[in-house]
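Listed below are the residues making up each chain.
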Amino acid sequence: MSLEEKINADIKQAMFAKDKAKLDALRAVKAAVLLVKTSKPQGQEITPEEEIQTLQRLVKQRKEASLTYKEQNREDLYNDEVFQLEVIEQYLPKQLSEEEIREALKTIISELGATSPKDMGKVMQSAQKNFAGQADNKLVSQIVKELLG
C-alpha cells in the first residue's frame, strides 16, 4: 500500500470519526504528496524516497512553525502544529537514536577511510543514502563533524 493510499484511507477514518484536527493534518500531507506527483511527467509515480523527503519537509516546517508560535506565546497555534507534527511522523520510518546514528557513522567513516573534516562531503553523501528518512540530517552532520574533527 502506497503512502497516498494510506493517507486516503486515514482521511476516510478521520471523516467518519469527525476528527477535524487529524483530518487537517492528513489533508496537508495529501496536498504535499499530490504536489510532488503532479510535478512529475504524466504516468510516472513518486518513489518511496520522494515520499519520505516530502514527509520530512512537512515535519521540518511544523517544527519551525511550532518554535515560532512558542516564542510568540501562541499556545493554541503551537499545539496545532505539534499535533500535526505527531500525525505526520506516524508515516515516517522509525527514527534512529543518536547512539545508533553514531555507531553507523563510525562504520561509514572507516569504510570510506575518512580522516579529516575535508572528507565530510563523502561521509554525508553515504550517510544520507543509509539513513534515508531514519535520521535528521542536521544531527547526522553534527555527529560527523564531531567524529572527523
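Look a little higher up for the structure.
Quick notes on the rules
Residues numbered from 1 in each chain as written. Predicted model: local features only at pLDDT ≥ 70, side-chain atom pairs only at ≥ 80, totals over all residues. Heavy atoms only, no water. Helix = DSSP H or I, 4+ residues; strand = E, 2+ residues; numbered from the N terminus. Buried < 20%, exposed > 50% of the residue type's maximum accessible area, 1.4 Å probe, protein only. Contact = heavy atoms within 4.5 Å. Areas by Shrake-Rupley, 256 points an atom, 1.4 Å probe, with all protein chains shown as cover. Lys, Arg positive; Asp, Glu negative; His and termini not counted. Charge placed at Lys NZ, Arg CZ, Asp CG, Glu CD. Phe/Tyr/Trp six-rings, centres within 6.5 Å; stacked < 30°, edge-to-face > 60°. Lys NZ or Arg CZ within 6 Å of the ring centre and 35° of its normal. Expected span 1.5 Å × (residues − 1). Arc of directions from axis to C-beta. Polar contact = N/O pair within 3.5 Å; in protein donor to acceptor, adjacent residues only side chain to side chain. Core = buried A, V, L, I, M, F, W, Y, C linked by side-chain atoms within 4.5 Å. Salt bridge = Lys/Arg side-chain N within 4 Å of Asp/Glu carboxyl O.

*Asks:* How should I be thinking about the overall build of the chain in this particular structure?
*Replies:* Secondary structure summary: the chain contains seven helices and zero strands in total. Ordered by position in the sequence, the α and β elements of the chain form the string α-α-α-α-α-α-α. For the chain, the C-alpha atoms occupy an extent of roughly 55 × 45 × 25 Å along the three principal directions. The buried share of the chain, taken over its 149 residues, is 34%. Looking at the chain alone, contacts between residues at least 24 apart form 59% of all its contacts between residues at least 6 apart. Here the chain displays about 9,600 Å² of accessible surface, and carbon together with sulfur accounts for 51% of that area. Here the chain carries 23 positive and 25 negative side-chain charges, and the mean point of each set is 3 Å from the other.

*Asks:* What's the story with the packing of aromatic side chains in this structure? I'm lost.
*Replies:* Note on aromatic pairs: each is described by the distance of the centres and the angle between the planes. Scanning all chains against the criterion turns up zero aromatic pairs. It is Lys 70 that lies over the ring of Tyr 78; its NZ or CZ is 4.6 Å from the centre.

*Asks:* Even after reading the chapter, I still don't get helix H4 (residues 75-89), so can you show me in this structure?
*Replies:* Spacing of three or four residues puts side chains on the same side of an α-helix, whose turn is 3.6 residues. With 15 residues, H4 should cover 21 Å at 1.5 Å per step; its first-to-last C-alpha distance of 21 Å lies within 8% of that length. All buried positions along H4 are accounted for by Glu 81, Gln 84, Leu 85, Val 87 and Ile 88. Down the axis of H4, the smallest arc covering the buried residues is 165 degrees, so these residues share one side.

*Asks:* Got a minute to help me understand the side chain of Arg 62 in this structure?
*Replies:* One can find Arg 62 in helix H3 (residues 48-71). At a separation of 2.8 Å, a polar atom in the side chain of Arg 62 contacts the side chain of Gln 84. Excluding residues within four positions of it along the chain, Arg 62 makes contact with Ala 28, Glu 81, Gln 84, Leu 85 and Ile 88.

*Asks:* I'm lost on the nonpolar core in this one. Help?
*Replies:* Side chains of nonpolar character tend, in soluble globular proteins, to be buried together. Grouped together as the largest cluster of nonpolar side chains are 21 residues, with contacts concentrated most on Leu 3, Ile 7, Leu 26, Val 29, Leu 55, Ile 88 and Tyr 91. Only helix H1 (3-17), helix H2 (20-38), H3 and H4 provide two or more residues apiece to this core. Ranked by residue count, the leading element in this core is H2, at seven residues. Residues Leu 105, Ala 114, Met 120 and Met 124 belong to the second largest nonpolar core, which totals 15 residues.

*Asks:* What am I meant to see in the pattern of salt bridges here?
*Replies:* When the charged atoms of two side chains with opposite charge come close together, those side chains can pair. Here the structure, examined in full by the defined rule, presents 10 salt bridges. Between Glu 75 and Lys 70 there is a salt bridge; the shortest N-O distance is 3.9 Å. Here Glu 75 falls in the partly exposed class, since its relative accessible area comes to 38%. Taking the shortest distance from any N to any O, the salt bridge between Asp 76 and Arg 74 comes out at 3.3 Å.

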